Amino acid sequence: MKIIEFTTKINKGMIAIPKEYDQELQEELEVEVIVKPKRKKHLMDRLVENPVSVEGWRNLTRDEIHHREGND
């Protein structure tokens, strides 16, 4: 028994096998399929991929980031 894992699309009930496994899966085989729900992206992951543009925003300096009130 050999375990092969991949992500693919299902089209009209047909599971597309990636080309890299074509040679290994030509004979009649018993296949077991486990369907995992697509992982929902967290807010921070989505923001990293699609940053929000804010008018007037500027990057803080290192001193501004680490400044604490009362430590002047």
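Residues numbered from 1 in each chain as written. Predicted model: local features only at pLDDT ≥ 70, side-chain atom pairs only at ≥ 80, totals over all residues. Heavy atoms only, no water.

**Brief notes about the overall build of the protein chain**
Part 1 of the reasoning: A tally of helices and strands in the protein chain yields 2 helices and 2 strands.
Part 2 of the reasoning: Listing every helix and strand of the protein chain by position from the N terminus yields β-β-α-α.
Part 3 of the reasoning: Taken along the three principal axes of its C-alpha coordinates, the protein chain extends 75 × 30 × 20 Å.
Part 4 of the reasoning: Counting across all 72 residues of the protein chain, residues that qualify as buried make up 3%.
Part 5 of the reasoning: Split by element, the accessible area of the protein chain, about 8400 Å² in all, is 52% carbon and sulfur.
Part 6 of the reasoning: For the protein chain, the separation between the mean place of its 13 positive charges and that of its 15 negative charges on side chains is 5 Å. (Helix = DSSP H or I, 4+ residues; strand = E, 2+ residues; numbered from the N terminus. Buried < 20%, exposed > 50% of the residue type's maximum accessible area, 1.4 Å probe, protein only. Areas by Shrake-Rupley, 256 points an atom, 1.4 Å probe, with all protein chains shown as cover. Lys, Arg positive; Asp, Glu negative; His and termini not counted. Charge placed at Lys NZ, Arg CZ, Asp CG, Glu CD.)

**Digging into the confidence of the model for the protein chain**
Part 1 of the reasoning: Taken as a whole, the protein chain shows an average pLDDT of 86; of its residues, 97% reach a score of 70 or greater.
Part 2 of the reasoning: By mean pLDDT, strand 1 (residues 10-11) is the weakest element of the protein chain at 88, and helix 2 (residues 62-66) is the strongest at 92. (pLDDT = per-residue confidence, 0-100.)

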